[in-house]
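Architecture and fold: a report
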Amino acid sequence: MDPGHPECPERLSTVLGHLGQCGILDEVDVYESTLARRSDLARVHAESYLDALDRVVPESGLVHVTLDTAMGPRSLDAAKAVAGAAVDGVKMVLKEREQRVFCAVRPPGHHAEESAAMGFCFLNGIAVAAMAALEDDRIDRVAVLDFDVHHGNGTVAAFMDNPSVLACSSFQHPHYPYRYFDVDRPNIVNTPLPAGTRGIEFRNAVERDWLPALDDFKPQLILVSAGFDGHADDPLGDFLLTQDDFAWVTGLVTDAANRHAEGRIVSVLEGGYDLVALARSVAAHLEVLGSRSSKT
């Protein structure tokens, strides 16, 4: 992105540095992602859109795909690696190589729609992973849980007419991206919350909306759009959450996975733009994932 942009390389380097200092990286298996295949991407994104992205990759410098989303020479490969990591994670848990996977990746993806980049997102990795999971004969029901402070519009748009996917999204409202927040479908659970939402209010709303939906749907795999920009210190949201709240929602997710999905979770990093808060929140997320399972 442009210099000074909040979606910066330091997001990942700070997270990984903190996880190393905490000793978490020594306790988990670490993998390099592969690039998503065109066939995987095309289950979510229009071929014409994928062609258009390929055409605008610059040889140097930046080109703005939207006002808030710029592409450099390797940005598209990075986005393909995000989707590739998510698909790789799905394959790992379905093959029982791992039970839970966290994808430390950027750029985020949950705003990307079938034919549109937006909100720093080019490709919707979590949606690509959900569709890849449904290609497996053993999987008929996938839940996507999104606790980013921004609504997961791209994910809702991808699955609002696909009853095989339950999409739950908690988010600040009114707030960017102002799209698909009012979709009314049995498999779509939108949890809008006002600016200034504190941890207890967030917890009550998620428990009220998500738990009945999960217990009714009984997903065989849970995917998580793990956005930590709801933290009180984050510059792009107005929630007042702490890393304890992210640990709590991770516990809710893992409990649901243990009940319905043989513990299987693939979590993909989305937002989070205060570097210190992001690193600490990711660590809290991983500690709970790891405590509920033999492997992360």
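Residues numbered from 1 in each chain as written. Predicted model: local features only at pLDDT ≥ 70, side-chain atom pairs only at ≥ 80, totals over all residues. Heavy atoms only, no water.

1. Notes on the overall build of the chain
Each helix and strand in the chain was counted, giving nine helices and eight strands. The C-alpha radius of gyration of the chain comes to 17 Å, within 12% of the 19 Å expected for a compact globule of 296 residues. When its C-alpha atoms are laid out on the principal axes, the chain stretches across 50 × 40 × 40 Å. Across the 296 residues that make up the chain, the buried fraction comes to 57%. The contacts in the chain between residues at least 6 apart in sequence include a share of 73% that link residues at least 24 apart. Averaging the coordinates of the 25 positive side-chain charges in the chain and doing the same for the 44 negative ones gives two points 5 Å apart. (Helix = DSSP H or I, 4+ residues; strand = E, 2+ residues; numbered from the N terminus. Rg over C-alpha atoms; globule rule 2.2 N^0.38 Å. Buried < 20%, exposed > 50% of the residue type's maximum accessible area, 1.4 Å probe, protein only. Contact = heavy atoms within 4.5 Å. Lys, Arg positive; Asp, Glu negative; His and termini not counted. Charge placed at Lys NZ, Arg CZ, Asp CG, Glu CD.)

2. A closer look at the packing of aromatic side chains
Following the criterion strictly, the structure yields five aromatic pairs and no others. The interplanar angle of 65 degrees and the centroid separation of 5.7 Å between the aromatic rings of F147 and F228 together place this pair among those described as edge-to-face. Taken together, the positions of F147 in the loop between strand 4 (142-146) and helix 6 (153-159) and F228 in the loop between strand 7 (221-226) and helix 8 (243-260) put the pair 81 residues apart, joining distant regions of the chain. Comparing F147 with F228 shows no difference in burial state: the two are buried. Their ring planes at 35 degrees and their centres at 5.9 Å tell us that F147 and F246 sit as a pair that is tilted. Of the two residues, F147 sits in the loop between strand 4 and helix 6 while F246 sits in helix 8, which places them 99 residues apart along the sequence. Its relative accessible area of 0% is what places F246 among the buried residues. (Phe/Tyr/Trp six-rings, centres within 6.5 Å; stacked < 30°, edge-to-face > 60°.)

3. What about the state of the cysteines?
Per the stated rule, a full pass over the model turns up zero disulfides. Unpaired in terms of disulfides, C8 finds its nearest cysteine sulfur in C121, a separation of 15 Å. Free cysteine C168: the closest other cysteine sulfur is in C121, separated by 19 Å. Given the relative accessible area of 2%, C168 is considered buried. (Disulfide = S-S within 2.5 Å.)

4. Some points on the sheet that holds strand 5 (residues 165-172)
What holds strands together in a sheet is hydrogen bonding between their backbones, with the strands either parallel or antiparallel. With respect to topology, six strands assemble into an open sheet ordered 3-8-7-4-5-6, the strand pairing being parallel. Edge strands, defined here as strands with exactly one partner in the open sheet, are strand 3 (100-103) and strand 6 (188-193). With strand direction ignored, the average angle separating the axes of adjacent strands in the sheet is 10 degrees. Relative to strand 6, strand 5 runs parallel, the two being bridged by six bridges. Bridge pairing links Q172 to L193 in strand 6. Along the sheet face, helix 8 touches strand 3, strand 4, strand 7 and strand 8 (265-269) and points at about 165 degrees away from the line of strand 7. (Pairing = 2+ DSSP bridges. Axes fitted to C-alpha atoms, helices over the stretch in contact; angles between N-to-C directions.)

5. Quick notes on the layout of surface pockets
What the largest pocket holds in volume is close to 800 Å³. Contributing to the lining of the largest pocket are 31 residues, with Y31, S33, C103, A104 and V105 lying nearest its centre. The set of elements that each furnish at least two residues to the lining of the largest pocket consists of helix 1 (10-22), helix 4 (75-94) and strand 3. Counted by class, the lining of the largest pocket contains 20 nonpolar, three polar and eight charged residues. (1 Å grid on protein atoms, 1.4 Å probe; cavity = no way out; pocket = protein on both sides within 12 Å on 5 of 7 lines; lining within 4 Å. Points joined across faces, edges and corners; volume = space filled by probe spheres on them. Nonpolar A, V, L, I, M, F, W, Y, C, P; charged D, E, K, R; others polar.)

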